[in-house]
Amino acid sequence: MATEKTYTYDGSYEDLATGDFDLEERQALRRVVGLSTELEDITEVEYRQLRLERVVLVGVWTSGTVTDAENSLQELKLLAETAGSQVLEGLIQRRQRPDTATYIGSGKAQELRDIVVSTGADTVICDGELTPGQLRQLEDVVKVKVIDRTALILDIFAQHAKSREGKAQVELAQLSYLLPRLRGWGGNLSRQVGGRAAGGVGIGGRGPGETKIELDRRRIRERMAKLRRQIGGMSVARETMRSRRQRREVPSVAIAGYTNAGKSSLLNRLTGAGVLVEDALFATLDPTVRKARTPEGRLFTIADTVGFVRHLPHQLVEAFRSTLEEVGEADLILHVVDGSHPDPESQLSAVREVLADIDGAKDIPEIVVINKADAADPVVLARLATRERHSVVVSARTGAGIDELLATIERELPHLDHEVHMLVPYERSDLIARAHKEGEVLSIDHTGDGTVLHARVPSALYGELERTAKPVETV
């Protein structure tokens, strides 16, 4: 596990795992509540940075039970708190469908305005993706900033992205979301430049020109095209590494699952990777690939991927498609679910809905890993284990069930194609090392002429052994 030295107040040094160091850095500064300079008249600003402080949540309950609606709002609360806000109130409006004008209806919008005034909130977060018209009209009524679930998730991704590729993917998703919602406050973006789009004067230089909003839209499209090229270039390195593993026939396992289900904790437990672990939604975004071994010593790679959530913005799925290819190219998927969650079945459904959009993922074998067994209700664990026949109950925090999970992974990995019983010359001891690394060694016997190897090996190594070693029967 990677560690770093950090200086403590008493003058000593202590070892911190990489994930602990990242967590300490993330928690170094905290928001001071009550120092907002948010303008009362939102028409005075042209662009506003997304700053969530004191928020009121509102959702529209269209189907399901009241428990489902409350769980959805609880998840929105966790998202808002992860983004750094203080949640003051949560409201649910029962409707057949969201209102096309103000999302919750004109009367309820006025009630929401009264609640915003009484609580002193400066932001309203809606539990859904609002159209540009709904955002504008609801904002006109409540007189404070209004954002939707998609913008909130994009803001969290922007805070937590660390790698160059992750930042580019998040920026692309944010621009995709912003483009159809770009508008002016007052008349700022509707003003026009001079004729010939350059402010020319005189005959032939007059005319309507191009509006500022059209200029900004064009700049956004150009930036999006540049980001797509950059992400495409960055994915080449990952594809090269993946093809190298495939050429050496090292099986790959991908960890997928709902956000905050414990995927990074499971990766740390299986490999000692030391990645950041935090009780927050979307704490880690950048994919991590590490080596691991089965109980019999067989090598495989295991990749941690970005977490999923209900109604994951399609802009994110599209922007992170190159990252999600790790799932589509895997030999086995570990689908991690939080056994202590109030509704784990909905987590399973939400993740499978996203996996269905990834090319090739639906045909890959899946092991459902029911995590957080130490904090879950035994009745819920038994219900999930009965519902998901191909499942393992574990606790990444305590290590319970990890041995059973590794044994299950070993059974589900692609079988090695060739069993060999050969005499390998001592000068080719590298082949013995590869057999230990890439295959499953059944026995080793050192003789005067070389090493007798009995093992199951992949096709590439089998071809190399055939050219170099001799079958034991001919010796």
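Residues numbered from 1 in each chain as written. Predicted model: local features only at pLDDT ≥ 70, side-chain atom pairs only at ≥ 80, totals over all residues. Heavy atoms only, no water.

(A) Looking closely at the overall build of the protein. Looking only at helices and strands, the protein features 15 helices and 16 strands. When each of the 475 residues of the protein is scored for burial, the buried share is 47%. Considering only contacts within the protein whose residues lie at least 6 apart along the sequence, 68% involve residues at least 24 apart. Accessible surface, the protein as shown: approximately 23700 Å² in total, 49% of it carbon and sulfur. (Helix = DSSP H or I, 4+ residues; strand = E, 2+ residues; numbered from the N terminus. Buried < 20%, exposed > 50% of the residue type's maximum accessible area, 1.4 Å probe, protein only. Contact = heavy atoms within 4.5 Å. Areas by Shrake-Rupley, 256 points an atom, 1.4 Å probe, with all protein chains shown as cover.)

(B) Spotlight on the packing of aromatic side chains. In this structure the tally under the stated criterion is 0 aromatic pairs. We note R94 situated over the ring of W61; from NZ or CZ to the ring centre the distance is 4.3 Å. (Phe/Tyr/Trp six-rings, centres within 6.5 Å; stacked < 30°, edge-to-face > 60°. Lys NZ or Arg CZ within 6 Å of the ring centre and 35° of its normal.)

(C) Here's a closer look at the sheet that holds strand β13 (residues 418–424). Read across the sheet, 4 strands follow the order β14-β15-β13-β16 without closing on themselves; strand pairing throughout is antiparallel. At either end of the open sheet lies a strand with only one pairing partner, and these are β14 (440–446) and β16 (470–471). In terms of strand pairing, β13 meets strand β15 (residues 451–457) through 7 bridges, oriented antiparallel. Counted as the bridge partner of V420 is A455 from β15. (Pairing = 2+ DSSP bridges.)

(D) Layout of the side chain of T408. As for its position among the elements, T408 is in helix α13 (residues 402–412). If we ignore the near neighbours within four places in the chain, the residues touching T408 are I367, H390 and V392.

(E) Summary view of the packing of helix α3 (residues 106–119) against helix α4 (residues 132–142). Running from N to C, α3 and α4 point in directions that differ by 50°, and their axes come no closer than 8 Å. With respect to α4, the element α3 is oriented oblique. Remark: the crossing between α3 and α4 carries right-handed chirality. Residues A109, Q110, L112, R113 and V116 of α3 lie in contact with α4, whose contacting residues are L138, V141 and V142. (Axes fitted to C-alpha atoms, helices over the stretch in contact; angles between N-to-C directions. Parallel < 35°, antiparallel > 145°, perpendicular 65-115°, else oblique. Left-handed = near helix turned anticlockwise from the far one by under 90°.)

(F) Main features of the pairing of β14. The sheet contact formed by β14 and β15 spans 6 bridges and is antiparallel. Bridge pairing links D445 to V452 in β15. Counting the residues in the hairpin turn of β14 and β15 gives 4 residues.

(G) Layout of unusual backbone geometry. The phi dihedral of K143 is positive, around 65°, even though this residue is not glycine. Examined against the element boundaries, K143 turns out to sit in the loop between α4 and β6 (145–148). For K143, a relative accessible area of 46% gives the class partly exposed. Here N260, not a glycine, exhibits a phi torsion of approximately 65°, which is positive. When you line up the elements, N260 lands in the loop between β7 (252–257) and α8 (263–271).

(H) Summary view of the pattern of salt bridges. Under the definition given, this model contains 18 salt bridges. Salt-bridge contacts for R95 lead to D99; the nearest nitrogen and oxygen are separated by 3.7 Å. You can call R95 partly exposed: its relative accessible area is 23%. The closest approach of N and O atoms between E464 and R467, which form a salt bridge, is 2.6 Å. Highlighted residues: E464 and R467, both in helix α15 (residues 459–468), separated by 3 residues, approximately one helical turn. Via salt bridges that share partners, E75, D127, R149 and R310 belong to a single interconnected network. (Salt bridge = Lys/Arg side-chain N within 4 Å of Asp/Glu carboxyl O.)

(I) Region of interest: α8. Taken together, the buried positions of α8 are occupied by K263, S264, L266, L267, N268 and L270. As for α8, its buried residues are in contact with β7, β8 (288–293), β9 (299–304), β10 (332–338), β11 (366–371) and α13. Following α8 by one or two positions, G272 adopts a phi angle in the positive range, close to 70°.

(J) Just the packing of helix α11 (residues 344–355) against helix α12 (residues 378–387), in detail. Two elements in contact, α11 and α12, have axes whose closest approach is 11 Å; the angle formed by their N-to-C orientations is 40°. Contacts from P344, E345, L348 and R352 in α11 reach V380, R383, L384 and R387 in α12.

(K) Region of the structure containing the nonpolar core. Counting residues in each nonpolar core, the largest one holds 80 residues, and the members touching the most others are L112, L266, I302, F308, L334, L405 and I409. Here this core gets 6 residues from one element, more than from any other, and that element is helix α5 (residues 149–160). Excluding its chain neighbours within four sequence positions, the residues that come into contact with I409 are V253, F300, L332, L334 and I367. Core analysis: the next-biggest nonpolar cluster, separate from the first, contains 12 residues, V424, I432, A435 and A455 among them. (Core = buried A, V, L, I, M, F, W, Y, C linked by side-chain atoms within 4.5 Å.)

Worth remembering: the numbers are spatial, not functional.
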